Amino acid sequence: MNAEWNTMTDRDYHSAIPPLPPELIERVRQLSDDADRPQWTAGYELVAILDELVPAYAALPELVTERRARTWIVRKLCDGTGENESTTRDRISMARFYPTEVQRKWDVYSWSQMRAFKWAGPERWEEYATYFLDHLPAPVRVIRERIRSGGSAPVESAWKRRWERFVDLAYELAQDTETPEHVKRAAYGVINMDVERRWK
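Rules used in this analysis
- Each chain has its residues counted from 1, following the order in which its sequence is written.
- Side-chain atom pairs in this predicted model are given and counted only at pLDDT of 80 or more, local residue features only at pLDDT of at least 70, and totals for whole chains, interfaces and linings cover all residues.
- Here the side-chain values reflect all heavy atoms present in the structure, with hydrogen atoms and water set aside.
- Starting at the N terminus, helices and strands are each numbered in turn, a helix being any DSSP run of H or I of at least four residues and a strand any DSSP run of E of at least two.
- Relative accessibility decides the category of a residue: with a 1.4 Å probe and only protein chains considered, values under 20% of the type maximum give buried, values over 50% give exposed, and everything between is partly exposed.
- Here, residues are in contact when the closest pair of their heavy atoms is within 4.5 Å.
- In this analysis, axes come from line fits to C-alpha atoms, helices being fitted only over the stretch in contact, and the angle between any two N-to-C directions falls in the range 0 to 180 degrees.
- Convention used here: angles under 35 degrees read as roughly parallel, angles over 145 as roughly antiparallel, angles from 65 to 115 as roughly perpendicular, and any remaining angle as oblique.
- Helix crossings are classified by the rotation of the near helix relative to the far one: an anticlockwise turn of less than a right angle makes the crossing left-handed, while a clockwise turn makes it right-handed.
- Ten residue types, Ala, Val, Leu, Ile, Met, Phe, Trp, Tyr, Cys and Pro, are classed as nonpolar, four, Asp, Glu, Lys and Arg, as charged, and the remainder, Gly among them, as polar.
- A pair is scored as a salt bridge if a Lys or Arg side-chain nitrogen falls within 4 Å of a carboxyl oxygen belonging to Asp or Glu.

**Thoughts on the environment of Trp106**
Positionally, Trp106 belongs in the loop between helix H6 (100–105) and helix H7 (111–118). When its relative accessible area of 6% is taken as the criterion, Trp106 is described as buried. Placed 27 residues apart in sequence, Trp106 and Leu133 show a C-alpha to C-alpha distance of 9.8 Å. Setting aside its immediate chain neighbours within four residues, Trp106 contacts Met114, Trp125, Glu126, Ala129, Thr130 and Leu133.

This is the structure we're talking about:
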């Protein structure tokens, strides 16, 4: 398969496959260059482009199938815009998985969080998304751990994570020779409080 595609890529300057319209390349380039542009906008635009072009390109004898047509179009879009293929495919995959109305419903979550929920599959992603509404900020790492465990992994409360960071800072202050004495006393107070809490 890879050898076949490499051969096609090397010779397609002379191929009968018609090139993508320059204005199409430019439209995708502008989407990619816009640093403030949401990932979703690019994803939905790319999906619309593929839905429009894939059937016609799949009918060509050089491509034959929709899968090959889709691969060829994505590759040519990336060649023309300088975009990374894996990034482009990720945008397409996310836009396919989350239709516009679904994405708007769950816009409380970031692109990365929605990608993590997607890992649970079409049957269960919404279950996890609903669960984490009560466990924000829902780091991607924690989302993946819970999905990996099938929903049984405990989610640490936000205040506990903040407390752990607070205690870590107290230890750093207590050990720093430049820390003023009154600050050290406060740091030791936090450390002692943490020790008592853990042993209860």
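**Examining the packing of helix H4 (residues 66–81) against helix H5 (residues 85–97)**
The N-to-C vectors of H4 and H5 enclose an angle of 125°; their axes lie 10 Å apart at closest approach. Looking at the two axes, H4 sits oblique to H5. In this structure, H4 crosses over H5, and the sense of that crossing is right-handed. Residues Thr71, Val74, Arg75 and Cys78 of H4 lie in contact with H5, whose contacting residues are Glu85, Thr88, Arg89 and Ile92. Of the residues contributing to the contact of H4 with H5, the split by class is three nonpolar, two polar and three charged.

**Thoughts on the pattern of salt bridges**
Applying the stated criterion across every chain yields a total of ten salt bridges. Close ionic contact of Arg75 with Glu85 constitutes a salt bridge, the shortest N to O distance being 3.4 Å. One end of the pair, Arg75, is in helix H4; the other, Glu85, is in helix H5, with ten residues separating them in the sequence. Glu85 gets classed as partly exposed once you look at its relative accessible area, which sits at 26%. Where Glu83 meets Arg91, a salt bridge forms, and the shortest distance between an N and an O atom there is 3.5 Å.

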